[in-house]
Protein chains: 2
Amino acid sequence: MVVKVHGPAYASCSRRVLACLVEKEIEFDIVPVDLLKGEQKSPEFLELQPFGVVPVIQDGDYTLYESRAIIRFYAEKYRTQGTDLLGKTVEERGVVEQWLEVEGQNYHPPIYTLVVQLLFHPKLGLPVDQKIVQECEEKLGKVLDVYEERLSKSKYLAGDFFSLADLTHLPFTHYLVNDIGKEHLVRDRKHVSAWWDDISSRPSWKKVLQL
Amino acid sequence: MVVKVHGPAYASCSRRVLACLVEKEIEFDIVPVDLLKGEQKSPEFLELQPFGVVPVIQDGDYTLYESRAIIRFYAEKYRTQGTDLLGKTVEERGVVEQWLEVEGQNYHPPIYTLVVQLLFHPKLGLPVDQKIVQECEEKLGKVLDVYEERLSKSKYLAGDFFSLADLTHLPFTHYLVNDIGKEHLVRDRKHVSAWWDDISSRPSWKKVLQL
């Protein structure tokens, strides 16, 4: 069954899902959703995703949304196919879940706001709130200090294996390093910097960026 | 092995973990952490939880933090003991994960801010920002409109079974209904109201509130 991914391939949360599908060697088709035209708020789309955001997957008659739920679903459904992204034991998966939650609860809020302020606001002709930018940069820096300590002890966040915990960081860290002039937050931290070079040079991520 | 839960039993994220442990019939001891004295920022605690927040569990020599990761870990580790909280199939677990993520990404941010503004600020002698309160109430209302539609079609969020998707909502919705004068957000929505009465009257939650 070819998985349908509703959402533009360039959207950050679509990219999280696509990176997982490529790692798991799962075939997919991208169903375009024009965000600028507001297609994600159309009645047809809201039937699939009632919050009106991308991505959503359809796999036969199974529909699922929330990118971090979708990646967990495919990592588990195709456990033995492609890259193992959950660890070998329930204890390893626990640590993967811990860092997935750290990303969702600690890392994502400040990096998301930075990207909105510094990438999307200028494109939309909206002002940039420098006070918010400064606060978020400080918050993100403190989170990355914990990552630096962690990554000085293990190659990846959940241990010595690449997992969903790392993969989930790809889309927004890509913006941070490449698009908003805040690369120093990664580069000033030796182990975070090496980790970023490692995970962002995976063939799966390079493929996703070309879609 | 008796699980050690570091964190006061009254803290909302500790309660999320404790509700899961009770549902799964897992023995635990609570190791008090005095948040008012700042013990969560002590060097000893930061060794366990580098972000300096509760809860953390220790299970033999296994340590895990992030409440939503801990509940996934125990729901999976003791799959066949106590209440099944993940669904019977990988597809059911996918839907559980979807609603866990909806809680973490859509429900939690506005309800957390409401609780901070309306419960904690007055206790700490800080001013309440009514503009923030109004914005968060509107955001939460829109999220609850989606819940109302969902719960008109299935008894619980992930289907016709109580799961982690419901359990994760208990701590902050308890504040919403009981402590900050915003009960109407639940009571004005028939299916959300019935769902809340159902999940908050489970023996596990009553026990957690008494700890």
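Just so we're clear, the structure is a prediction, and the values are computed from it rather than from any experiment.

A. Spotlight on the overall build of chain A. In terms of helices and strands, chain A carries 10 helices and four strands. Secondary structure elements of chain A, listed N to C terminal, follow the sequence β-α-β-α-β-β-α-α-α-α-α-α-α-α. The globule rule puts the C-alpha radius of gyration for 211 residues at 17 Å, and the 17 Å found for chain A is close to it. Expressed along its principal axes, the backbone C-alpha trace of chain A runs to roughly 50 × 45 × 25 Å. Counting all 211 residues of chain A, 57% fall into the buried class.

B. Focus on helix 3 (residues 67-77) of chain A. Of all 11 residues in helix 3 of chain A, nine are buried; the element is thus mostly enclosed. Those residues of helix 3 of chain A that sit buried are Ser 67, Arg 68, Ala 69, Ile 70, Ile 71, Arg 72, Phe 73, Tyr 74 and Ala 75 of chain A.

C. Representation of the UniProt feature "domain: GST N-terminal" (unreviewed entry) in chain A. Under the local residue numbering, the UniProt record ascribes the feature "domain: GST N-terminal" (unreviewed entry) to residues 1-82 of chain A. Helix and strand shares over residues 1-82 of chain A are 35% and 20% respectively, and the end C-alpha atoms of the span are 16 Å apart.

D. Structural context of helix 4 (residues 90-124) of chain A. Along its length, helix 4 of chain A shows its largest kink, about 50 degrees, at His 108 of chain A, and proline Pro 109 of chain A lies within four residues downstream of that point. Immediately downstream of helix 4 of chain A, the backbone of Gly 125 of chain A shows phi near 75 degrees, a positive value.

E. Representation of the sheet that holds strand 4 (residues 62-65) of chain B. All names here are of chain B. The four strands lie next to each other as 2-1-3-4, forming an open sheet whose pairing is mixed. Only two strands of the sheet have a single neighbouring strand rather than two, namely strand 2 (28-31) and strand 4. Ignoring which end each strand starts from, the neighbouring axes of this sheet average 20 degrees apart. In this sheet, strand 2 lies alongside strand 1 (residues 3-6) in parallel orientation, the contact comprising four bridges. Bridge assignment links Val 5 to a residue of strand 2, and that residue is Ile 30. Taken strand by strand, helix 1 (residues 12-23) contacts strand 1, strand 2 and strand 3 (56-59), and its axis lies near 165 degrees from that of strand 2. Helix 3 (residues 67-77) contacts strand 1, strand 3 and strand 4 of the sheet and is inclined by roughly 130 degrees relative to strand 4.

F. Seen up close, the UniProt feature "domain: GST C-terminal" (unreviewed entry) in chain A. Under the feature "domain: GST C-terminal" (unreviewed entry), the UniProt entry names residues 89-211 of chain A. Helix makes up 76% of residues 89-211 of chain A and strand 0%, whereas the separation of the span's terminal C-alpha atoms amounts to 33 Å.

G. Quick look at the nonpolar core. Judged by nonpolar contacts, the single largest core of 138 residues is most densely connected at Tyr 147 of chain A together with Tyr 147 of chain B. Excluding anything up to four places from it in sequence, Tyr 147 of chain B contacts Phe 51 of chain A together with Trp 99, Val 102, Glu 103, Tyr 107, Leu 157, His 169, Val 192 and Trp 195 of chain B.

H. Fine view of unusual backbone geometry. Here the amide bond leading from Val 54 of chain A into Pro 55 of chain A is cis, since omega sits at 0 degrees, within 30 degrees of zero. Examined against the element boundaries, Pro 55 of chain A turns out to sit in the loop between helix 2 (43-48) and strand 3 (56-59). You will see that Glu 66 of chain A, though not glycine, has its phi angle at about 75 degrees, which is positive. Along the chain, Glu 66 of chain A turns up in the loop between strand 4 (62-65) and helix 3. Residues other than glycine seldom take positive phi values, yet Glu 25 of chain B does so here, at roughly 55 degrees. Turning to its location among the elements, Glu 25 of chain B is positioned in the loop between helix 1 and strand 2. When its relative accessible area of 60% is taken as the criterion, Glu 25 of chain B is described as exposed.

I. Looking closely at the environment of Ser 193 of chain B. All names here are of chain B. Looking at the element boundaries, Ser 193 is found in helix 9 (residues 190-200). Distance in space between the C-alpha atoms of Ser 193 and Val 3 is 33 Å, their sequence separation being 190 residues. Among all residues touching Ser 193, those that are not within four sequence positions of it are Val 186 and Arg 187. In this structure the side chain of Ser 193 is engaged in a polar contact, spanning 2.6 Å, whose partner is the side chain of Arg 187.

J. Structural context of the packing of helix 5 (residues 130-151) of chain A against helix 9 (residues 190-200) of chain A. All names here are of chain A. Running from N to C, helix 5 and helix 9 cross one another at 80 degrees; their axes reach a closest spacing of 7 Å. Overall, the two elements helix 5 and helix 9 adopt an arrangement that is roughly perpendicular. The residues of helix 9 that touch helix 5, namely those facing Leu 144, Tyr 147, Glu 148 and Leu 151, are Lys 190, His 191, Val 192 and Trp 195. When the residues that make up the contact of helix 5 with helix 9 are grouped by side-chain class, the tally is five nonpolar, one polar and two charged.

K. Representation of the packing of aromatic side chains. According to the stated counting rule, one finds 24 aromatic pairs over all chains in the structure shown. Between Tyr 62 of chain A and Phe 73 of chain A, the ring centres sit 4.9 Å apart and the planes meet at 35 degrees, which makes this aromatic pair tilted. Of this pair, Tyr 62 of chain A sits in strand 4 while Phe 73 of chain A is found in helix 3, placing the two residues 11 residues apart along the sequence. For Phe 73 of chain A, a relative accessible area of 2% gives the class buried. The interplanar angle of 80 degrees and the centroid separation of 6.1 Å between the aromatic rings of Tyr 156 of chain B and Phe 162 of chain B together place this pair among those described as edge-to-face. These aromatic residues form a ring-pair network of at least three members: Phe 51 and Tyr 65 of chain A together with Trp 99, Tyr 107, Tyr 147 and Trp 195 of chain B. Positioned over the ring face of Phe 162 of chain A is Arg 202 of chain A, at 3.7 Å from the centre of the ring.

L. Spatial organisation of the pairing of strand 3 of chain B. Residues and elements named next belong to chain B. One ladder, built from three bridges, connects strand 1 with strand 3; its direction is antiparallel. Each bridged residue has a counterpart across the sheet, and for Lys 4 the counterpart in strand 3 is Gln 58. Where strand 3 lies against strand 4, four bridges are found, and the strand directions are antiparallel. Across the sheet, Val 56 pairs through a bridge with Tyr 65, a residue of strand 4. Hairpin remark: strand 3 followed by strand 4, antiparallel, with two residues in the connecting loop; positive phi at Gly 60, about 65 degrees.

Cut-offs applied
- Residues numbered from 1 in each chain as written.
- Chains lettered and ligands numbered in written order.
- Predicted model: local features only at pLDDT ≥ 70, side-chain atom pairs only at ≥ 80, totals over all residues.
- Heavy atoms only, no water.
- Helix = DSSP H or I, 4+ residues; strand = E, 2+ residues; numbered from the N terminus.
- Rg over C-alpha atoms; globule rule 2.2 N^0.38 Å.
- Buried < 20%, exposed > 50% of the residue type's maximum accessible area, 1.4 Å probe, protein only.
- UniProt positions renumbered as here; feature names shortened; annotations may be inferred.
- Bend = angle between axes of the 7 residues up to and from the residue.
- Pairing = 2+ DSSP bridges.
- Axes fitted to C-alpha atoms, helices over the stretch in contact; angles between N-to-C directions.
- Contact = heavy atoms within 4.5 Å.
- Core = buried A, V, L, I, M, F, W, Y, C linked by side-chain atoms within 4.5 Å.
- Polar contact = N/O pair within 3.5 Å; in protein donor to acceptor, adjacent residues only side chain to side chain.
- Parallel < 35°, antiparallel > 145°, perpendicular 65-115°, else oblique.
- Nonpolar A, V, L, I, M, F, W, Y, C, P; charged D, E, K, R; others polar.
- Phe/Tyr/Trp six-rings, centres within 6.5 Å; stacked < 30°, edge-to-face > 60°.
- Lys NZ or Arg CZ within 6 Å of the ring centre and 35° of its normal.

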